[in-house]
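Here are the chains, one letter per residue:
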Amino acid sequence: MRNDAQLPNAYHACRLGYGCMRIAGDRDKGRAAVIAAYEAGYRLFDHADIYAGGACESLFGEILKEVSGMRDAICLQGKVGIRAGRYDFSREHLLEAVDGVLKRLGVDRLDVLLLHRIDLLADPVEVAEVFQALLDQGKVSHFGVSNASPSQLRMLQAHSPVPLVANQVEINLDRTEAVYDGTLDQCLELGVSPQAWCPIGGVAYGAWGKFASPAQWRLVEAELDRQAAHYGGDRVGINLAWLLKHPAKIIPLIGSTTPERITTALAASEIAYTREDWYLLNEARRGQRMP
Ligand SMILES: NC(=O)c1ccc[n+]([C@@H]2O[C@H](COP(=O)([O-])OP(=O)(O)OC[C@H]3O[C@@H](n4cnc5c(N)ncnc54)[C@H](OP(=O)(O)O)[C@@H]3O)[C@@H](O)[C@H]2O)c1
C-alpha cells in the first residue's frame, strides 16, 4: 500500500496545495488569499513555525475561527525542526515546537507534520520516539519530511513507527534535481507524496539563485511561450502543468497572495499536457537533447 494512502481525503481532494509562507506580510491581503484558496477548492494548507516568526500560523488560526467548517474540511500541515538558523530534531525542541504550532493555530491536532530541513545531528531513534509521543498525545496524525535526500528519508523511515507520507522539496523549472537524483523515484517506490515548494520559481520571479544559465533560460522561456500559445494560458500555467505531469503526483504549493492567481493556478490541472511537450521543456532546461 502507498504510504500516502493513509492520508485524509482532504489531502488528495485538490492537485495543488496552498503555501502560507507569505500571508502575514500584509494581513488583510493574506486573509483574503487564504479564503480565496479555500473557496477555490484548495484543501492542503502548508505552514512552518518559522514563517514570519509564527505570525502566519497566528493569522491562519484567526481565519479558522472565522470560517465555519474550514478546520474539518482541510488538511492542516505544519513544519518544525529549524531553530535560530540551526536544524534541531532533539526531543525537547520538537515537542516544544509542536506545542507552539498548535497554540498559534488554535487547534488540538495537525493532520501532517513535516521535519523542515534534516538535522545533520539527528538521532533517528529519538525522532521516532518523538513521533510516537505525538501520536499517543493525539497532537499529530501523520509525519513526513522536507528537503530530505532519498537516503535521509530512508534513514528516518527505518526507525519511524509509521510510514512517512510526504517529502516537500524545491522543484521548479530552474531546480530540476528531484527529477534526476532519486527523490521522485523514491516517492514512486514508497508512495511518498512529493510536494513542490516555490513551484514557479524562476518563471514568475527570480528563483533562489538561478541555476540555469542565461542561454538555457532563453530556451525555457521560448518553449514556455510556444506551449502557452498552443494550450492557452501563460508561462506559469505551463510551468505548473509540467510539474503535474510527473507520475509521482507532485503537489505544487502555490504561494501567491493574489486571489486571481491562486484561482487561475488550478486550471493547470485541466491541461491535457503531452509527454512530448514535457520532454521539450525538459530539454530546453538542460540546454541539450536527451541522449
Ligand atoms: N520546505 C521549504 O524549505 C520551503 C521553502 C520555501 C517555501 N516553502 C513552501 O512553499 C510555498 C510556496 O512557495 P512560494 O511562496 O515561493 O511559491 P510560488 O507560488 O513559487 O511563488 C509565489 C510568489 O510568486 C509571485 N508571483 C509573481 N507572478 C506570479 C504569477 N503570475 N502567479 C503566481 N504568483 C506570482 C507571488 O506574488 P503575489 O503574492 O503578489 O501574487 C508570490 O510572491 C510557501 O508558501 C511555503 O509553504 C517551503
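Here we summarise the structure given alongside this text. (Residues numbered from 1 in each chain as written. Predicted model: local features only at pLDDT ≥ 70, side-chain atom pairs only at ≥ 80, totals over all residues. Heavy atoms only, no water.)

**Observations regarding the packing of aromatic side chains**
Working step 1: By the definition in use, this model includes seven aromatic pairs.
Working step 2: Ring plane angle 80° and centroid distance 6.2 Å describe the contact between tyrosine 18 and tyrosine 42, whose orientation is recorded as edge-to-face. Remark: tyrosine 42 occurs in the loop between helix H2 (27–40) and strand S2 (44–46) and tyrosine 18 occurs in strand S1 (residues 17–19); sequence separation between them is 24 residues.
Working step 3: Given a relative accessible area of 0%, tyrosine 42 falls into the buried group.
Working step 4: Grouping aromatic residues by their ring pairs yields a cluster made of Tyr18, Tyr42, Phe45 and Phe60.
Working step 5: Above the ring of tyrosine 205, the side-chain terminus of arginine 22 is found at 5.5 Å from the ring centroid.
Working step 6: If you follow arginine 175 out to its NZ or CZ, it ends over the ring of phenylalanine 211, 3.7 Å from the centre. (Phe/Tyr/Trp six-rings, centres within 6.5 Å; stacked < 30°, edge-to-face > 60°. Helix = DSSP H or I, 4+ residues; strand = E, 2+ residues; numbered from the N terminus. Buried < 20%, exposed > 50% of the residue type's maximum accessible area, 1.4 Å probe, protein only. Lys NZ or Arg CZ within 6 Å of the ring centre and 35° of its normal.)

**Here's the deal with a nonpolar patch on the surface**
Working step 1: Among the surface-exposed residues, Tyr180, Tyr279 and Met290 lie close enough to one another that they form a single nonpolar patch of about 270 Å² accessible area.
Working step 2: The topology assignment puts methionine 290 in the segment after helix H13 (275–286). (Patch = residues over 30% accessible without salt bridge, like charges linked within 9 Å, V, L, I, M, F, W, Y side chains within 5 Å. Areas by Shrake-Rupley, 256 points an atom, 1.4 Å probe, with all protein chains shown as cover. Salt bridge = Lys/Arg side-chain N within 4 Å of Asp/Glu carboxyl O.)

**Some remarks on the sheet that holds S1**
Working step 1: Here we have eight strands rolled up into a closed barrel, ordered S1-S2-S3-S6-S7-S8-S9-S10, and parallel in their pairing. Going from strand to strand, the sheet's axes swing by 30° on average, the running direction of each strand aside.
Working step 2: Across five bridges, strand S8 (residues 164–170) lies against strand S9 (residues 193–197) in parallel orientation. Among the inter-strand pairings, asparagine 167 is bridged to a residue of S9, identified as proline 194.
Working step 3: Most of the contacts of helix H7 (residues 150–159) go to S8, to which it runs at about 160°, and overall it touches strand S6 (110–115), strand S7 (140–146) and S8. (Pairing = 2+ DSSP bridges. Axes fitted to C-alpha atoms, helices over the stretch in contact; angles between N-to-C directions. Contact = heavy atoms within 4.5 Å.)

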